[in-house]
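Chain by chain, the residues run as shown.
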Amino acid sequence: VQLVESGGGLVQPGGSLRLSCSASGFTFSMYAMMWYRQAPGKEREYVARISSAGGSTNYADSMKGRFTISRDNANDTVYLQMNSLKPEDTAVYYCNVYYDDIMYWGKGTLVTVSS
């Protein structure tokens, strides 16, 4: 299993970014996918989840209305659209999948929200 995140970078407060996570090594369309994040000096926290077919999504309360998770099962990719970004959204963002009783993580992509 391999998960590769991309799309992070420096953005001003109020701006937007779209993160991508390319997956391989498992049948992507059969598994729910999640995004987590870890801010400097803090615990890793849950961001969002999308069901295998994409019909069901769930968000942490602080992300509702600002972040949107989606997926493209034809291209084995999950996305996180982030709008109205705040400095407190600064973190390394990770995608993950629970596959074969193991939680797999990518290496993450850094998002920095600063003016």
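The notes below deal with the structure included here. None of the values given here were measured: they were computed from a predicted structure. (Residues numbered from 1 in each chain as written. Predicted model: local features only at pLDDT ≥ 70, side-chain atom pairs only at ≥ 80, totals over all residues. Heavy atoms only, no water.)

**Thoughts on the side chain of R71**
With respect to the secondary-structure elements, R71 resides in strand β7 (residues 67-72). A polar contact of 2.8 Å, which involves the side chain of R71, links it to the backbone oxygen of Y31. Engagement of the side chain of R71 in a polar contact is seen with the backbone oxygen of S52, the distance being 3.2 Å. (Helix = DSSP H or I, 4+ residues; strand = E, 2+ residues; numbered from the N terminus. Polar contact = N/O pair within 3.5 Å; in protein donor to acceptor, adjacent residues only side chain to side chain.)

**Some thoughts on the pairing of β7**
The two faces of β7 differ: F67, I69 and R71 on one face are buried, but T68, S70 and D72 on the other face are not. Relative to strand β8 (residues 77-82), β7 is paired through 6 bridges, and the arrangement is antiparallel. Its bridge partner being in β8, F67 is matched across the sheet by M82. Between β7 and the antiparallel strand that follows it, β8, lie 4 residues; D76 among them carries a positive phi value of about 55 degrees. (Buried < 20%, exposed > 50% of the residue type's maximum accessible area, 1.4 Å probe, protein only. Pairing = 2+ DSSP bridges.)

**With respect to the packing of aromatic side chains**
Using the criterion set out here, one finds 8 aromatic pairs in the structure. Relative to W105, the ring of Y36 has its centre 5.1 Å away and its plane inclined at 70 degrees; by these criteria the two rings are edge-to-face. Taken together, the residues Y36 in strand β4 (residues 33-38) and W105 in strand β10 (residues 102-105) connect sequence positions 69 residues apart. Both rings, one in Y99 and one in Y104, keep their centres 6.3 Å apart while their planes meet at 45 degrees; by these two values the pair is tilted. Note on Y104: relative accessible area 24%, which makes it partly exposed. (Phe/Tyr/Trp six-rings, centres within 6.5 Å; stacked < 30°, edge-to-face > 60°.)

**Observations concerning the sheet that holds β8**
Hydrogen bonds between backbone atoms are what pair the strands of a sheet, whose relative direction is either parallel or antiparallel. The strand order across the open sheet formed by 4 strands is β1-β3-β8-β7, and the pairing between neighbours is antiparallel. Strands at the two margins of the open sheet, each flanked by one partner only, are β1 (2-6) and β7. Each strand of the sheet is rotated relative to its neighbour by a mean of 15 degrees, with strand direction disregarded. (Axes fitted to C-alpha atoms, helices over the stretch in contact; angles between N-to-C directions.)

**A few points about the nonpolar core**
Counting residues in hydrophobic clusters, the biggest one holds 29 residues, and the most contacted among them are W35, V78, L80, M82 and Y93. Elements represented by at least two residues in this core include exactly β3 (17-24), β4, β5 (44-50), β7, β8, β9 (91-99) and β11 (109-113). With residues near it in sequence (within four places) discarded, L80 still touches L17, R18, L19, W35, V47, A48, F67, T68, I69 and Y93. (Core = buried A, V, L, I, M, F, W, Y, C linked by side-chain atoms within 4.5 Å. Contact = heavy atoms within 4.5 Å.)

Any link to function would need more than the numbers given here.
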